[in-house]
Amino acid sequence: RTKGSTWIKSTAFGVKRRAIPGRCCRCAFYSMAKVAPMKSKKVLKLGGSSGARAPRLTKSKDSIRKALANLVTGEKVSSALANAVMKAIPLTERAGYALSRPKNAVDPRKWETIEHVKVHIDFCRRPWLPADWCQGVKRTKGGNTYTVYQPPTEYRTLYHRWQIEDYLGRKLSTADGFTGQLKLARLAREQQPWDSEASFFKILSASERAHVIATDKFHFCIVSARRAQTTEGARDISVVQSAFEDAGATPTWYVDAASLDDYRSLGLKAKVGGKLTPARNMALDDAKRMGKVCVQCSDDLSNWEYRVGEQAKDRTMDGLNAAHKISRRFCLSPVMAAKFILAKMRGAADGEKKPRLGGGYIIGDCSRTWASDEFSHRHFVLGDFLVADSSPLRFDENLTLKEDYDFVCSHIEKYGSVIRCNRLTFTAKHYSNIGGAVDTRDDAGIKEQENMAILFEKWPNAIFPHNTRKNEVMLRWPNDGSKATEVKARHLNDAKGLQVRKTIDKQLQGARTKGIDAKAVIMRTSKASNSPYISKRCIKIAGHSVEAALSTVQVANSQGKACKYSLQDLKYDIQKGFVELRMIKK
């Protein structure tokens, strides 16, 4: 016994764990209640509202899969908790166990190699492995682990995909193993179970709870392209699909025409949506026609969470992290997250202009937000998870990337606000996943800068180049929202303004005499200057037209003083190869 805590012993597993008062979890290890012996093995569910994390299924040194590896190799257990959870999960519920078994199927519990090496049923599963096959893990002679496979009707061990294809006499695809991926996704989620709607929606006010609507009042849409036949893509798709299905919703997949059959082969409800922005607009149109709220989700999201706690008094990073650590964590389904956002939008105070667009925080960790408000109304809302409530606005189809910035700006301009839930987070793969927007990007960043140029032209006083990140932008909505589309230098009417305009016109005339088109867009190249101030100014002007750069952009000179970007600066940057000019076709 220690001060403020009590040590208890689980009679089911014989593992001591400290129970912390005030932290109520669904796990016996963290409960102050008496632990009754288990009559049969079942999945041990941990986590819950206290913020304490249960062991992950995979991809962690303290994961359940790592505990299995320790068992196979005979190494010291890296996590006693993960080891206990591993033993609690029946073999038949592991992802590696066959999903369907014929009458003459062999018993995987007796699985051994021809060298009589024991094979353990795995917690993972390959995306191409047929549903009636088993996946296991065995110990190698060198003391490591190796993944192996067993056919349904033979005590035989195969080691490679090509061997299975030879055995079956055909090629394998992600369609063969997609049901196994759904099982894997559900098993992983059982270790991080969702909180109930009843407990989570208590944080809403009574007026907001009145706006919580049924699941079938939403149109859940997932925009995807060229990912159904890749290993990583099939895994991501299974995670998103199973999350919606387990929450009682069937999403519609808006995909490219060439991949339609691939998505349907996975058993998905798919239709041709075209490219990114046309597909987004089609989803909005479909929702309007059905009279439903449109929820748009990316094809690689997972781990929806919401944090509740007091704002940090200490605004240092240590203080923010401390506030985040002691906050209450809710694990959510995507459907719960959508209902919460909609209730917040519709529950806005009477007399206020109600927002029509909402979403979560822009990155997967909200620790930095504990110094600010729980909700933002004029900040960027990430397009990976959007809730549009009967909005007549549509995405600009001239944009192939960063289309969500324009969509958010359009809503702030028309309705005065959006709603961003700064404590609502999810895990997303923005740049690493194959297919979709990643295939649109190029290594040189030309596509990014072309889209940036469109944004700068439409929202010159609201969207700006990012201060540190190459080919990225940031949204800073002006206090006077009517000036979001205004270029200040073009609207100066006093004597100083006329002199500025005269200087700009002179520089543009000089540019034309040098063969520089004022409408050309400045693009960064892969070459960077050794001078920090030149590198910073190249970042700042990237994506602007020549006219906009010479009219509005201020940069720092070698002494660090702010000054106008000049024609001389432009000619130097072009000559040295730091930037180049391109004409963009709209």
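Residues numbered from 1 in each chain as written. Predicted model: local features only at pLDDT ≥ 70, side-chain atom pairs only at ≥ 80, totals over all residues. Heavy atoms only, no water.

A. Here's a closer look at the packing of helix α4 (residues 174-190) against helix α7 (residues 231-246). In the contact formed by α4 and α7, the axes pass within 8 Å of each other and the chain directions differ by 55°. Classified by the angle between their axes, α4 and α7 sit oblique to one another. At the point where α4 passes α7, the crossing takes the right-handed sense. Together, Thr 174, Phe 178, Gln 181, Leu 182, Ala 185, Arg 186 and Arg 189 of α4 and Ala 234, Arg 235, Ile 237, Ser 238, Val 239, Gln 241, Ser 242, Ala 243, Glu 245 and Asp 246 of α7 make up the contact between the two elements. (Axes fitted to C-alpha atoms, helices over the stretch in contact; angles between N-to-C directions. Helix = DSSP H or I, 4+ residues; strand = E, 2+ residues; numbered from the N terminus. Parallel < 35°, antiparallel > 145°, perpendicular 65-115°, else oblique. Left-handed = near helix turned anticlockwise from the far one by under 90°. Contact = heavy atoms within 4.5 Å.)

B. Up close: the state of the cysteines. Here the structure, examined in full by the defined rule, presents zero disulfides. Of the cysteine sulfurs around Cys 221, a residue in no disulfide, the closest is that of Cys 294, at 3.9 Å. Among the cysteines around Cys 297, which has no disulfide bond, Cys 221 carries the closest sulfur, lying 9.8 Å off. (Disulfide = S-S within 2.5 Å.)

C. The arrangement of the nonpolar core in detail. Judged by nonpolar contacts, the single largest core of 81 residues is most densely connected at Trp 304, Tyr 306, Leu 332, Phe 385, Ile 463 and Leu 475. Ranked by residue count, the leading element in this core is helix α11 (residues 334-346), at nine residues. The residues contacting Leu 332, other than those within four sequence positions of it, are Trp 194, Phe 200, Trp 304, Glu 305, Tyr 306, Ala 337 and Leu 424. The next biggest cluster of nonpolar side chains, apart from the first, holds 16 residues, and it includes Ile 534, Val 553, Val 555 and Leu 570. (Core = buried A, V, L, I, M, F, W, Y, C linked by side-chain atoms within 4.5 Å. Buried < 20%, exposed > 50% of the residue type's maximum accessible area, 1.4 Å probe, protein only.)

D. Looking closely at the side chain of Glu 165. Here Glu 165 lies in helix α3 (residues 161-168). A relative accessible area of 12% places Glu 165 in the buried class. With residues near it in sequence (within four places) discarded, Glu 165 still touches Arg 170, Lys 171 and Leu 172.

E. Structural context of the sheet that holds strand β3 (residues 119-121). Across the sheet, three strands lie side by side as β3-β4-β5; this open sheet has antiparallel pairing. Bordering the open sheet on either side are β3 and β5 (145-150), each of which pairs with just one other strand. Shown here is a sheet whose adjacent strand axes are inclined to one another by a mean of 40°, direction ignored. Sheet analysis places strand β4 (residues 134-139) next to β5, joined by six bridges and oriented antiparallel. Across the sheet, Lys 138 pairs through a bridge with Tyr 146, a residue of β5. The strands touched by helix α1 (residues 64-73) are β3, β4 and β5; relative to β4, the strand with the most contacts, the crossing angle is about 50°. (Pairing = 2+ DSSP bridges.)

F. How the structure looks around unusual backbone geometry. For His 116, which is not a glycine, the phi torsion comes out positive at approximately 65°. The residue His 116 is located in the loop between α2 (80-88) and β3 in this model. Of note, the phi angle at Arg 226 is positive, near 55°, even though the residue is not glycine. What makes Arg 226 partly exposed here is its relative accessible area of 38%.

G. Structural context of the side chain of Arg 94. Turning to its location among the elements, Arg 94 is positioned in the loop between α2 and β3. Of the side chains bearing the opposite charge, Asp 122 lies closest to the buried Arg 94, which forms no salt bridge; the N-O distance is 7.2 Å. Contact partners of Arg 94, with chain neighbours within four places excluded, come to Leu 68, Met 86, Ile 89, Ile 121, Asp 122, Phe 123, Lys 183 and Leu 187. (Lys, Arg positive; Asp, Glu negative; His and termini not counted. Salt bridge = Lys/Arg side-chain N within 4 Å of Asp/Glu carboxyl O.)

H. Looking closely at empty space enclosed by the protein. Scanning the entire structure with this criterion turns up three cavities of 30 Å³ or more. Estimates place the volume of the largest cavity at around 60 Å³. Lining the largest cavity we find 13 residues, and of these Ala 98, Arg 101, Asp 132, Cys 134 and Pro 152 sit closest to its centre. Looking at the lining of the largest cavity residue by residue, the classes come out as nine nonpolar, two polar and two charged. Estimates place the volume of the second largest cavity at around 40 Å³. (1 Å grid on protein atoms, 1.4 Å probe; cavity = no way out; pocket = protein on both sides within 12 Å on 5 of 7 lines; lining within 4 Å. Points joined across faces, edges and corners; volume = space filled by probe spheres on them. Nonpolar A, V, L, I, M, F, W, Y, C, P; charged D, E, K, R; others polar.)

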